[in-house]
Amino acid sequence: MVEQMKEGTFIIHKPIICLLIDSLMDTPLQEEIQAGRAPTLQFLRDNGTYFPRVVSSFPTMSVSIDTTMLTGEPPNKHGIYGLTYYHSQQKKVFNFGTGPKEILFFGLKRVLHAAIMQLNQKLISKDVETIHEATEKPTAAINSMIYRGNQPATLKTPWLAWLFGLLPRNVETSVPSHFSFGSLFNITKKSLPKTFLSKFGMNDHFSSMEIISLIEEDKLPPLSLVYFPGNDTVVHKKGTSEGKGIKKVDEEISPILNAFGSWEEAIQKCNFIVLGDSGQTNMMKKDTYVDLRKILRPYSIMPLSRDTPKPQDQLIICVNERMSYITILDDNISYQDIVRLCKAEKKIDVIAWQTEDRWIHVVSGQTDGALSFRPDGDYTDEYNQKWQLEGDISILDLTLDDHQIQYGLYPDALSRLAGAMDPASRNIIITISPGYELVGKASPKHKGASHGSLHHLDSLVPMIVTGMDNQPEHLRLIDLKKWFLNLLQE
Ligand SMILES: [Zn+2]
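Residues numbered from 1 in each chain as written. Predicted model: local features only at pLDDT ≥ 70, side-chain atom pairs only at ≥ 80, totals over all residues.

Trainee: Just to check I follow, could you spell out the overall build of the protein chain for this structure?
Mentor: Along the protein chain, the regular secondary structure elements total 17 helices and 26 strands. If one aligns the C-alpha atoms of the protein chain with their principal axes, the spans along those axes are about 70 × 60 × 45 Å. Taken over 490 residues, the protein chain has a buried fraction of 51%. Here the analysis covers contacts within the protein chain between residues at least 6 apart in sequence; of these, 68% occur between residues at least 24 apart. (Helix = DSSP H or I, 4+ residues; strand = E, 2+ residues; numbered from the N terminus. Buried ≥ 20, exposed ≤ 12 C-beta atoms within 10 Å, placed from the backbone. Contact = placed C-beta atoms within 7 Å.)

Dropping the structure here:
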C-alpha cells in the first residue's frame, strides 16, 4: 500500500483518502468542533490546513457538482445540468430523484432508469474524462452517484425493483478499479441491509465499512473518493445550525482512522482531504415557497407526468431547489416575455439567459438595470478568466478595480453562470434569494434549509487537507481534478 519497489528503490506513495460530506459547511463544522462533538474532523483540521471557502459549481446540486469535480468541467461540457434538466439533444427531461412527491408524478421507473442505467453510462458526455478514467493508477469510488471508470462491471439491482419491473436484475456500467455502490455493488461482500430504509447501503455507515475493508486488507489505491450523504438530509430538515449530521459523520470517520492502528499513524500513512459539496440556506418561516407555475401562468407548461414535449407545450420547468431552468419550446415566445414575468417576483435575485450572439444577459427581480457578459475580453477575474462586460455590474454584485473583477455575493459568478448555459436550448436560469425555495407542481418543500443557487451561502464549502502542504491552483471544486492528477503523478 505505502511502499512500492521500482527499479531497486523505494518510492513512497502516500494514498489519498478524500472524504466527501454532503452539505458540510464552515460555521456548523467549526461549532461542532468547538463543542467537542467532532473530534476526528478536529484532529484532521488541527494536523492539516483548513480552507473555509472553496467555491462549488453551479447549480449547487450534488450530481452536477460531483460531475464537475470529477471531470474538471462545467455542466455544458460534462452534460449534467442538475438533479433535473431538459436534455436538448434527446429532447427529454431527466430527473435523478428530486423528492418523493415529484418522483411519484414523474414515475419511479423513469427516475431509477436515469440514475442507475443512464447517468454514468450515457448522460455524462463521452468528450470528458472523469478522474478515474484520466489516470492509469487504481482509484476507488465509494457510494458516489458519479463514478464512471474504465472497467466494465455489472450492478445487481435490488430484487424488489426487479420484481416490480422498475429495473432489470443486472445493469451494465463502467467503474474504477475499486468500486462500491450500496447493495448494488460492493467491496466487502458482507451481508448488507438491502432495505429501502437503509437506502440500499447508500449511507454513511456503509461508506465507512467499505473504505475500512480496503485499509484492513492492505488494498488502498492511490486515490479513494468516499461519499457520506447523511448530513444533507439533516440540514434540509433542521436548518444550517443543526450539527447532528456532522457529529454522526464524525462517528463514522473515526473508525476509518482507527483502522490504521492510531490516528497519528493514519495521517502518517495517508493524506486526507475532507470536503463539502454545497452549502445550504435557511428557509424563512413564512411565504417560503415561490411557485413558478403561478408566475408563468399565461403559458402552457409541460406536465410532470411526461418527459417528452408535445406541440402544445410552451415551457418546461425543471426546478433544482433554489434554482430553476425555464426552457422555452414555443418559437413565438421571446426571452423578454418570460423575463418580464420573472422580474415581477421580488424574491428572484438572478435571471439569466444566453442569446445566439453568445452574450449572456442578467437581470434581477430586486433592482433595475441589466448586465451582459461573454468570455474573452479586457476584464480579468480572481481566477484569471477574461470577460467582456456591458451594463450594470451591481446586478451580480461585481466590483471593478481598474480591469480586475472582484466577486461579492456570487462567487465565480460569471464562469459558473456561463457553464450552466446549454447552447442548444432556449433556457432561462433563475435563482431565488436566501430564505426561499422555488417550487413547481410537486417539488420538495424543505423546512430547514435548501440549496441550488449561485449565492455564496449555497456555494462555499470547507476543505481540510491533512498530510501534505499542497492545494489546488484555485480554491474551487472545478480545479480539483487537475490537482488530484498532479498529486497522483508525484
Ligand atoms: Zn441537498
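There's plenty left to go through after this.
Trainee: How should I be thinking about the packing of helix H9 (residues 204-216) against helix H11 (residues 244-258) in this particular structure?
Mentor: Angle between the axes and distance between the axes are the two parameters that describe a pair of packed helices. Close contact between H9 and H11 brings their axes to 9 Å; oriented N to C, the two are set at 10°. When the axes of H9 and H11 are compared, the pair comes out roughly parallel. For the pair H9 and H11, the contacting residues are Asp204, His205, Ser208, Ile211 and Ile212 in the first and Lys248, Val249, Glu252, Ile253, Pro255 and Ile256 in the second. When grouped by side-chain class, the residues that make up the contact of H9 with H11 number 6 nonpolar, 2 polar and 3 charged. (Axes fitted to C-alpha atoms, helices over the stretch in contact; angles between N-to-C directions. Parallel < 35°, antiparallel > 145°, perpendicular 65-115°, else oblique. Nonpolar A, V, L, I, M, F, W, Y, C, P; charged D, E, K, R; others polar.)

Trainee: Quick question: what am I supposed to make of the sheet that holds strand S10 (residues 178-180) here?
Mentor: What links the strands of a sheet is backbone hydrogen bonding, and the strands pair in either a parallel or an antiparallel sense. Spatial strand order, S4-S26-S12-S3-S11-S7-S10: 7 strands in an open sheet with mixed pairing. Every interior strand has two partners, whereas the edge strands, strand S4 (48-55) and S10, have only one. Across the sheet, the mean angle from the axis of one strand to that of its neighbour is 10°, orientation sign disregarded. Relative to strand S26 (residues 460-466), S4 is paired through 6 bridges, and the arrangement is antiparallel. Bridging across to S26, Gly48 finds its partner in Thr466. (Pairing = 2+ DSSP bridges.)

Trainee: I would appreciate a short explanation of helix H6 (residues 108-123) in the present structure.
Mentor: Helical geometry note: an α-helix holds 3.6 residues per turn, so side chains three or four residues apart project in the same direction. Taking 1.5 Å per residue as the helical rise, H6 with its 16 residues ought to reach 22 Å, whereas the 18 Å between its terminal C-alpha atoms falls clearly short. Maximum bend of H6: about 50°, positioned at Met117. Val111, Leu112, Ala114, Ile116, Leu119, Asn120 and Leu123 are the residues of H6 that are buried. Of the surrounding elements, those touching the buried residues of H6 are strand S6 (92-95), helix H5 (100-106), strand S8 (151-156), helix H8 (159-163) and strand S9 (170-175). (Expected span 1.5 Å × (residues − 1). Bend = angle between axes of the 7 residues up to and from the residue.)

Trainee: Teacher, can you tell me more about the domain arrangement of the protein chain here?
Mentor: Buried accessible area, meaning the area lost when the parts come together, often serves as the stated size of an interface. The domain architecture assigned to the protein chain consists of domain 1 (3-80 + 124-282 + 458-489) and domain 2 (289-445). In this structure, domain 1 and domain 2 have C-alpha centres spaced 31 Å apart. Listed by partner, the interface residues are 15 residues for domain 1 and 16 residues for domain 2. Elements represented by at least two residues in the side of domain 1 that touches domain 2 include exactly helix H4 (75-78), strand S13 (281-282) and helix H16 (456-459). Across the side of domain 1 that touches domain 2, the residue classes tally to 7 nonpolar, 6 polar and 2 charged. (Domains from an automatic or database assignment.)

Trainee: Just to check I follow, could you spell out helix H3 (residues 62-71) for this structure?
Mentor: Across the 10 residues of H3, 10 count as buried, placing the element largely inside the fold. The complete set of buried residues in H3 reads Ser62, Val63, Ser64, Ile65, Asp66, Thr67, Thr68, Met69, Leu70 and Thr71. Buried positions along H3 lie against H4, helix H7 (131-134) and helix H17 (480-489).

Trainee: I'm lost on the nonpolar core in this one. Help?
Mentor: Most often, soluble globular proteins keep nonpolar side chains buried together rather than apart. In terms of nonpolar packing, the biggest core is built from 130 residues, with Leu19, Val274, Ile351 and Leu417 touching the most fellow members. Looking at this core, you find at least three residues from each of domain 1 (3-80 + 124-282 + 458-489) and domain 2 (289-445). Setting aside anything within four residues of it in sequence, one finds Leu417 in contact with Phe58, Ala352, Ile360, Ile429 and Leu454. (Core = buried A, V, L, I, M, F, W, Y, C linked by C-beta atoms within 7 Å.)

Trainee: What exactly am I supposed to notice about unusual backbone geometry here?
Mentor: Apart from glycine, the bulk of residues carry a negative phi angle, and the bulk of peptide bonds sit in the trans form. Here the bond from Phe58 into Pro59 is cis, since omega is -5°, no more than 30 degrees from zero. In this structure, Pro59 sits in the loop between S4 and H3. One non-glycine residue with positive phi stands out, namely Asp218, at about 60°. Topologically, Asp218 is positioned in the loop between H9 and strand S11 (223-228).

Trainee: Just to check I follow, could you spell out the confidence of the model for the protein chain for this structure?
Mentor: Predicted coordinates in areas of low pLDDT are best not read in detail. In the predicted model, the protein chain carries a mean pLDDT of 93, and the fraction of residues at 70 or more is 95%. The low-confidence segment residues 1-12 (pLDDT under 50) makes 13 contacts with residues lying over four places distant or belonging to another chain. (pLDDT = per-residue confidence, 0-100.)

Trainee: Which parts of the structure should I look at to understand the packing of helix H10 (residues 230-238) against H11?
Mentor: One way to put it is that H10 packs onto H11 with a least axis distance of 8 Å and a crossing angle of 165°. By the angle between their axes, H10 is roughly antiparallel relative to H11. The crossing of H10 and H11 is right-handed. Residue-level contacts link Gly230, Asn231, Val234 and Val235 of H10 to Lys244, Gly245, Ile246, Lys248 and Val249 of H11. Among the residues making up the contact of H10 with H11, the classes are represented as 4 nonpolar, 3 polar and 2 charged. (Left-handed = near helix turned anticlockwise from the far one by under 90°.)

Trainee: How should the environment of Trp359 be read in this particular structure?
Mentor: Structurally, the position occupied by Trp359 is in the loop between strand S17 (348-354) and strand S18 (360-363). Taking the number of C-beta atoms within 10 Å as the measure of exposure, Trp359 has 13 and is therefore partly exposed. A sequence separation of 30 residues divides Trp359 from Leu389, and the C-alpha atoms of the two residues are 9.5 Å apart. Trp359 has contacts with Ser372 and Arg374, leaving out every residue within four places of it along the chain.

Trainee: I'm lost on the environment of Pro152 in this one. Help?
Mentor: Within the fold, Pro152 resides in strand S8. Expressed as a C-alpha distance, the spacing of Pro152 and Tyr85, which sit 67 residues apart in the sequence, is 28 Å. Not counting residues within four places of it along the chain, the set of residues in contact with Pro152 comprises Glu172 and Ser174.

Trainee: Looking at this structure, I do not really get the environment of Ser372. What am I missing?
Mentor: As for its position among the elements, Ser372 is in strand S19 (residues 371-380). Taking the C-alpha atoms as reference, Ser372 lies 9.3 Å from Ala352; in sequence the two are 20 residues apart. Beyond its immediate chain neighbours, meaning those up to four positions away, Ser372 contacts Trp359, Ile360, His361, Glu390 and Gly391.

Trainee: Whenever I open this one, the pairing of strand S7 (residues 139-142) confuses me. Can you help?
Mentor: Remember that side chains alternate between the two faces of the sheet whenever the strand is regular. Residues Thr139 and Ala141 of S7 are buried on one face, and the alternating residues Ala140 and Ile142, pointing to the opposite face, are buried as well. Relative to S11, S7 runs parallel, the two being bridged by 4 bridges. Each bridged residue has a counterpart across the sheet, and for Ile142 the counterpart in S11 is Val226. Inspection of the sheet shows S7 paired to S10 by 3 bridges, in the parallel sense. Bridge pairing links Ala140 to His178 in S10.

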